[in-house]
Amino acid sequence: MPDDLAARAAELRQQLHYHSYRYYVLGDPIISNAEYDRLYQELQQLEAEHPELITPDSPTQRAGSDLSDEFPKVRHPAPILSLSNCFSVQELQAWEERNLKLLPAGTQLDYTLEPKLDGLTIVITYENGVLTQAATRGNGEVGDDVTANVRTIRNVPLRLPARPDGPPSPPLLTVRGEVLFLKKDFAALNRQQQEQGLPLYVNARNTASGSLKQKDSRITASRPLTAYIYAVVSVVGVTLVTQWQTLTYLGDLGFAIPPGAAHYPTLSDIIQQLPTWESRKNQLDFEIDGVVIKVNDLRLAQELGFAGKDPRGATAYKFPSEEMTTRLIGVTVSVGRSGKVTPTAQLEPVFVGGVTVTSASLHNYDQVARLDIRLGDIVIVKRSGEVIPYVVGPVTGARDGSETPIVPPEVCPYSGDPLVQPEGAVDYFCPNPLCPERVFRSIEFFVSRGAMDIEGMGPQTVKALIERGLIRDEADIFTLRRDDLLELEGFAERKVDNLLAAIEAAKSRPLAQLLSSLGIDGVGETVAGLLSSRFGSIEALMAATVDELDAVEGIGAVLAQNVVDWFADPHHRRVLEKMRAAGVNMQAQPKPVASAALAGLTFVITGTLPSLSREAAAELIEAHGGRVTGSVSKKTSYVLMGESPGSKADKARQLGVPIISEDDLRRMIGNGGSASPQQPSLL
Ligand code: IVH
């Protein structure tokens, strides 16, 4: 046997010992569970191929321990075992083949498939149906007595059967399950921490573990833990022959069993389910790190015995890890079109969630400070599904003192302007609308698909045009000349013509599309549509008051103020003026005018009208020449009132403004509202 293998085994043993000490004794791990598993697997494989490498102190020869001095000890009625892992379908098939060789020829195996809940094991004993003891896994033989704490977990029955229609409780029953936080409960716990100005919890599993190991069970009671029960450790007076029967029995007694657990006739059926579980993983109410596959026939499972400390009758299929640790080597600052400053972590490359990641979001500087992330830290990086990778938090135990705090920059790295943090906001902003990065980002957005959709104008082209001084703002796009574009690298005649045609086409986009492309805070497609149909032109919108905007259904006071502020900005007005001059459409499809019956009159609408929505009522009033505003003043001509009006009705009475109903309005318009026979659609 080569020396380097022996050396590698020794190295793995030493690393695993260290990490399990950090995990179990200090409660302060510095690598992820997945990384630990990988080291463990490597050692296990080495030892399987070269059994002479196994030493009595090898971590594979015993289970880890989470025992603490603070609790009385409980001896489990049977060993609380751990599981082998599979990381691929091939390994899973090999697991079945190994098992079949150990069983009589012709044996067929069926299986259960259960989520592998990412919590901590709990062992609970019921005597004559009463919960009398609960313990942690400990070293598998002896655990910590956490009975008082487990009694606080709402979905753990204190008496069996918990279901009125359940079977009678056996005289003695010990079950095994997993304690965890549902994602929503963990989020709520962190919201509470945040409200109280306390540090946030980073890892749900560790927090669940910490919550269960409280000396004061009132603290445990204040944490919304959940338990799922998946095995019977020992039972008197009941015979369970399959795992599926066991789960059903546990469910009948009133335990919560792992959601989604199911029984399948063959391993191929199980394998078919794996992609579904993996892709559904993020939609589940709880964290899982894989699934557990169990030989259904408990007698056969027993017969299969053990490989080392792991029972052969069950195995865990682990998903590729979505959380890994790596070093934070730098922080870059990006500035968005609104001026918002976002710190981005530069990382030592790490393989996570199936790809190599070198940068990740740090969200904002408030979060960086709250989590106390420092430059040079080992950090936990998460990437799941489609989400952008982000830094979950630092591994504080891995610090050596050389780490340095991350401070927000004082000035914008692109424009040099001092950054501002608006009162109550978590973000910093570059306040200068002419900041080159902000200009680049807003033009990039303006031309993008979903905005003005100018094909052939990607970020590279935008950048090149800005660098050559050919565009300074969105409006300059519409006056680009053929010769200018021909100067750009890679722009031949054909490409230039296509781009010019795309720009020309963009000039006649509907007003709503233009509005949602301008990057006004809060004005997306829906709001842009409302504004366009309500005001009909950029000019009318520019002249609108907060009051008038606020009166539009679907637009609140804050948004109304944003819109007014945006249009009041002289820079924005100049850009719009240039667009108009270049021939960009600034008009909604003209609205038909029905009559001038309400010309010169101002209306305020309050309450729920019998047949018209507020928006429809406003359109009707305007179609007949009237105006609609948001609040009642002496200048208001009429208050149009429906069911359950607000304070506006009181105000109207105070000021002596006449109050009218929807019917009154129709009478004023005449002919029930459809004054003009050409425009019956207005009602
Ligand atoms: S069965 C022999 N079923 O995963 C039986 N374990 O890596 C072994 N776990 O320590 C356990 N969900 O804490 C089983 N549905 C499930 C599980 C599950 C989570 C945990 C359990 C165990 C660890 C093994």
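Everything quoted here is computed from the prediction, not taken from an experiment. (Residues numbered from 1 in each chain as written. Predicted model: local features only at pLDDT ≥ 70, side-chain atom pairs only at ≥ 80, totals over all residues. Heavy atoms only, no water.)

### Considering the pairing of strand β4 (residues 120–127)
Argument step 1. Within β4, seven of the eight residues are buried, which leaves it mostly tucked inside the rest of the structure.
Argument step 2. Bridge analysis of β4 against strand β5 (residues 130–136) gives six bridges, and the strand direction is antiparallel. Paired with Thr125 across the strands is Gln133, a residue of β5. (Buried < 20%, exposed > 50% of the residue type's maximum accessible area, 1.4 Å probe, protein only. Helix = DSSP H or I, 4+ residues; strand = E, 2+ residues; numbered from the N terminus. Pairing = 2+ DSSP bridges.)

### Observations regarding the site of the ligand
Argument step 1. Of all residues adjacent to the ligand, which total 13 residues, the nearest are Glu114, Lys116, Thr121, Glu178 and Lys294.
Argument step 2. Between the ligand and Tyr230, the relevant distance is 3.4 Å, taken from a nitrogen atom to a side-chain nitrogen or oxygen of the residue.
Argument step 3. Here the ligand loses 86% of its free accessible area of 520 Å² to cover by the protein chains.
Argument step 4. Listed by contribution, the elements that provide at least two residues to the shell around the ligand are β3 (111–117), β7 (172–181) and β10 (288–295).
Argument step 5. Residues that form the shell around the ligand fall into these classes: seven nonpolar, one polar and five charged. (Near = heavy atom within 4 Å. Polar contact = N/O pair within 3.5 Å; in protein donor to acceptor, adjacent residues only side chain to side chain. Areas by Shrake-Rupley, 256 points an atom, 1.4 Å probe, with all protein chains shown as cover. Nonpolar A, V, L, I, M, F, W, Y, C, P; charged D, E, K, R; others polar.)

### Looking at the packing of aromatic side chains
Argument step 1. Within the structure shown, the criterion is met by 10 aromatic pairs.
Argument step 2. On the basis of an interplanar angle of 45° and a centroid distance of 5.7 Å, the ring pair of Trp95 and Tyr111 is categorised as tilted. Placement of the pair is Trp95 in helix α3 (residues 89–102) and Tyr111 in strand β3, with a sequence separation of 16 residues.
Argument step 3. We classify Tyr111 as buried; its relative accessible area is 0%.
Argument step 4. Between the aromatic rings of Tyr126 and Phe255, the centroid separation amounts to 5.5 Å while the plane-to-plane angle is 75°, which identifies the pairing as edge-to-face. Here the residue Tyr126 occupies a position in strand β4, and Phe255 occupies one in the loop between α8 (243–253) and β9 (262–264), the gap between them amounting to 129 residues.
Argument step 5. By relative accessible area, which is 6% here, Phe255 ends up buried. (Phe/Tyr/Trp six-rings, centres within 6.5 Å; stacked < 30°, edge-to-face > 60°.)

### Focus: the pattern of salt bridges
Argument step 1. Within this structure, the stated rule accounts for 33 salt bridges.
Argument step 2. Notably, a salt bridge pairs Glu487 with Arg468, separated by 3.2 Å at the nearest N-O pair. Placement of Glu487 in the loop between α14 (482–486) and α15 (493–506) and of Arg468 in the loop between α13 (459–467) and α14 is noted, with a sequence separation of 19 residues between them.
Argument step 3. The class of Glu487 is partly exposed, set by a relative accessible area of 49%.
Argument step 4. Accessibility expressed as a relative area gives 45% for Arg468, which makes it partly exposed.
Argument step 5. Overlapping salt bridges bring together Asp372, Arg374, Asp377 and Arg399 as one network. (Salt bridge = Lys/Arg side-chain N within 4 Å of Asp/Glu carboxyl O.)

### Some remarks on the side chain of His19
Argument step 1. Relative to the elements of secondary structure, His19 occurs in helix α1 (residues 3–25).
Argument step 2. A residue is classified by how much of its surface remains accessible, and His19, at 12% relative accessible area, is buried.
Argument step 3. Those residues in contact with His19 that lie beyond four places of it in its chain are Ile30, Ile31, Tyr36 and Leu39. (Contact = heavy atoms within 4.5 Å.)

### So, the sheet that holds strand β13 (residues 314–318)
Argument step 1. Pairing is mixed in the open sheet, where five strands are placed in the order β2-β13-β10-β3-β9. Across the chains shown, the open sheet's two edge strands, defined by having one partner strand only, are β2 (84–86) and β9. Each neighbouring strand pair of the sheet contributes to a mean axis angle of 35°, computed without reference to strand direction.
Argument step 2. Against the sheet, α3 makes contact with β2, β3, β10 and β13, and its axis sits at roughly 175° relative to β13, the strand it touches most. (Axes fitted to C-alpha atoms, helices over the stretch in contact; angles between N-to-C directions.)

### Observations regarding the side chain of Thr606
Argument step 1. Along the chain, Thr606 falls in strand β22 (residues 602–606).
Argument step 2. Looking at Thr606, the relative accessible area reads 4%, which means it is buried.
Argument step 3. At 3.2 Å, the side chain of Thr606 and the backbone nitrogen of Gly646 are in polar contact.
Argument step 4. Leave out the neighbours within four places in its chain, and Thr606 touches Arg614, Val639, Leu640, Met641, Gly642, Pro645, Gly646, Lys648 and Ala649.

### Re the confidence of the model for the chain
Interpretation of this model should avoid reading the predicted coordinates in detail wherever pLDDT is low.
Argument step 1. Here the chain shows a mean pLDDT of 90. Residues at 70 or above account for 95%.
Argument step 2. pLDDT under 50 marks residues 672–683. Its contacts with residues more than four places away, or in other chains, come to 20 contacts. (pLDDT = per-residue confidence, 0-100.)

### Comments concerning helix α22 (residues 614–623)
Argument step 1. For α22, the tally of buried residues reaches seven of 10 residues, placing the bulk of the element in the interior.
Argument step 2. Within the sequence span of α22, burial applies to Glu615, Ala617, Ala618, Leu620, Ile621, Glu622 and Ala623.
Argument step 3. Residues of α22 that are buried sit in contact with α17 (525–535), β22, β23 (627–629), β24 (638–641) and α24 (662–669).
Argument step 4. Of the residues one or two after α22, Gly625 is the one with positive phi, at around 90°.

### A closer look at the packing of α3 against helix α9 (residues 267–280)
Argument step 1. Contact geometry of α3 with α9 gives a least axis separation of 11 Å together with a crossing angle of 160°. The pairing of α3 with α9 is recorded here as roughly antiparallel in orientation. Crossing geometry of α3 relative to α9 is assigned as right-handed. Residues Val89, Leu92, Gln93, Trp95 and Glu96 of α3 pack against Leu267, Ile271 and Leu274 of α9.
Argument step 2. Split by residue class, the contact of α3 with α9 holds six nonpolar, one polar and one charged. (Parallel < 35°, antiparallel > 145°, perpendicular 65-115°, else oblique. Left-handed = near helix turned anticlockwise from the far one by under 90°.)

### Examining the sheet that holds β7
Argument step 1. If you trace the four strands from one edge of the open sheet to the other, you get β5-β4-β7-β8, paired in antiparallel fashion. Both outer strands of the open sheet, β5 and β8 (225–236), are each paired with one neighbouring strand and no more. Strand-to-strand twist in this sheet, taken as the mean axis angle between neighbours without regard to direction, amounts to 25°.
Argument step 2. As paired elements, β7 and β8 share 10 bridges and run antiparallel to each other. Bridging across to β8, Val175 finds its partner in Val232.
Argument step 3. Contacts between helix α6 (residues 204–212) and the sheet are confined to β4, β7 and β8, with β7 contributing the most and set at about 130° to the helix.

### Some points on the nonpolar core
Argument step 1. In this structure, Ile454, Ile477, Phe478, Leu514, Leu531 and Met579 are the most contacted members of the largest nonpolar core, which totals 51 residues.
Argument step 2. Residue contacts for Ile477: discarding those within four places in its chain leaves Ile443, Phe446, Val447, Ile454, Met457, Ile471 and Ile503. (Core = buried A, V, L, I, M, F, W, Y, C linked by side-chain atoms within 4.5 Å.)

### Details of the state of the cysteines
Linking two cysteines covalently via their sulfur atoms produces the bond known as a disulfide.
Argument step 1. Evaluated as defined, the whole model comprises zero disulfides.
Argument step 2. Just so you know, Cys430 is unpaired, no disulfide at all, and the nearest cysteine sulfur is the one on Cys412, 3.7 Å from it. (Disulfide = S-S within 2.5 Å.)

### Quick word on the pairing of strand β16 (residues 355–361)
Argument step 1. Taken together, the six bridges between strand β15 (residues 340–352) and β16 define a ladder with antiparallel strand orientation. Counted as the bridge partner of Gln346 is Ser359 from β16.
Argument step 2. In sequence, β15 turns back onto β16 through a hairpin of two residues, with Gly353 there showing a positive phi of about 60°.

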